[in-house]
Each structure stands twice: as structure tokens, then as C-alpha cells.
Amino acid sequence: MDRKEELLGQVVEHVHKHGLIGLTLRPLAAAIGTSDRMLIYHFGGRDELVAAVVARTNELSVAAIGAMEPAADVRSGVEALWRSYRSEPLHSCLQIYLQAAATGLIGMEPYRSVVKETNELWYAALRDYITACGAPAERAGRIVTLVDSSLFGFHLDLATDRPDELAAGVADLAVAAGAIAEGRII
């Protein structure tokens, strides 16, 4: 492994523990045992480092989805996705994505661009998983759009104290996704 890859792995690990918001090079460098100059040398600057972290985190997320065993049906697949969203490594990866996406929504770069790029890979991984769970290819995109947006919303709601409501919402989502897959909702 070259030094840049080694540093990126250390930075990703640090960001998973401490978050992306407020990340500055000097404290980050000190925390991982290097200098801010070394980070600049390898990544060009903070923005390029952030883009690399978000892209690597998305690679980890896509790999986690790719490693999931397909469920017996779409409804069970949605429920399995939710369990994965709440477990490692996806939980930490999604936290980083949400921080980057929120910052990108207000137009800040490189967040906006890197989130847009990673969305395509993430969407494809979810589409492949939902299809492997039995969704017809022609309905998989519609299901993924519904499921992905909803599960991200539920993921954000984890900060609330309403776990029973969240569980009911996920169950309703799973039923709706299953109904779309089966053609009962057009």
C-alpha cells in the first residue's frame, strides 16, 4: 500500500469516529500521526481530502450492500437494508454521507460534486440488491428511489426517541416496496 492510501485509510477511520463537519488539517494530522503538510502533499488540500474521504466511504458502503445476501423477497430485503443501515460499517458510512450531503445542499464544494458522483454508485448497488431480492428490473428503480429516500429519512430520525414509530414506518415502507415489486401498486 502506498503512503497516500495508508493516510486515506487513517483519515477515513478518524472521520468515522469524529465526523466530517469542522474537519481541519492540523488537528487531523496530529490525530493520525502526520503533518498537515504531508496531507497537503498527498491530497492537494482540505477539499480534495474531503472528496477522497467521501468517495472512499461510499466505496465501503457499496461493498457492504454488495456483500448482503439477497432476501427472499423485496419486503424482507427492505427490512434487511434497514438493519444494515443501523449496523457497522453502514451506520458510520451513512453518517459521513449525510454530513457531506447536508453541506452540499447549501452549495458548498467539494461536497456537492462528490455526493452527486457517489450517488450513482450507491443507487446502482441498491438497484442490484433489490433486483436480487426479486424486484422486476423495470420496477427496481422506482423501488430504490422510494426505499433509499425513506431509509435515509428514518436514519436521520434515529436521533429521536420514537423507535416504535420508526419500526412501524420501516414496516410500512417494506410493504409498499413489496407491493410495487409485485405490481399491486402501479
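As shown above, the structure is provided for reference.
Residues numbered from 1 in each chain as written. Predicted model: local features only at pLDDT ≥ 70, side-chain atom pairs only at ≥ 80, totals over all residues. Heavy atoms only, no water.

Novice: Looking at this structure, how should I read the nonpolar core?
Specialist: Here is a general trend for soluble globular proteins: nonpolar side chains tend to be buried in one another's company. Ranked by internal contacts, the top residues of the largest apolar core, which has 60 residues, are L39, L81 and Y85. With residues up to four places along the chain from it excluded, the contact list for Y85 reads L90, H91, L94, W122, L126, D148, L151, F152 and H155. (Core = buried A, V, L, I, M, F, W, Y, C linked by side-chain atoms within 4.5 Å. Buried < 20%, exposed > 50% of the residue type's maximum accessible area, 1.4 Å probe, protein only. Contact = heavy atoms within 4.5 Å.)

Novice: Looking at this structure, how should I read the packing of helix α4 (residues 46-66) against helix α6 (residues 90-105)?
Specialist: Closest axis-to-axis distance for the α4/α6 pair is 9 Å, and the angle between their directions is 140°. Viewed along their axes, α4 and α6 adopt a mutual orientation that is oblique. Here α4 runs over α6; the crossing is left-handed. Every residue of α6 that contacts α4 at V54, T57, L60, S61, A64 and I65 is listed here: L90, C93, I96 and A100. Its residues assigned to classes, the contact of α4 with α6 shows eight nonpolar, two polar and no charged. (Axes fitted to C-alpha atoms, helices over the stretch in contact; angles between N-to-C directions. Helix = DSSP H or I, 4+ residues; strand = E, 2+ residues; numbered from the N terminus. Parallel < 35°, antiparallel > 145°, perpendicular 65-115°, else oblique. Left-handed = near helix turned anticlockwise from the far one by under 90°. Nonpolar A, V, L, I, M, F, W, Y, C, P; charged D, E, K, R; others polar.)

Novice: How should helix α7 (residues 111-132) be read in this particular structure?
Specialist: Structural remark: α-helix, 3.6 residues per turn; residues separated by three or four positions point the same way. With 22 residues, α7 extends 31 Å from end C-alpha to end C-alpha; this agrees with the ideal 32 Å at 1.5 Å per step. Of the positions making up α7, those classed as buried are Y111, V114, V115, T118, W122, A125, L126, Y129 and I130. Two residues or fewer after α7 comes G134, characterised by a positive phi angle close to 110°. (Expected span 1.5 Å × (residues − 1).)

From the geometry alone we can't say anything about function, so treat these as descriptive.
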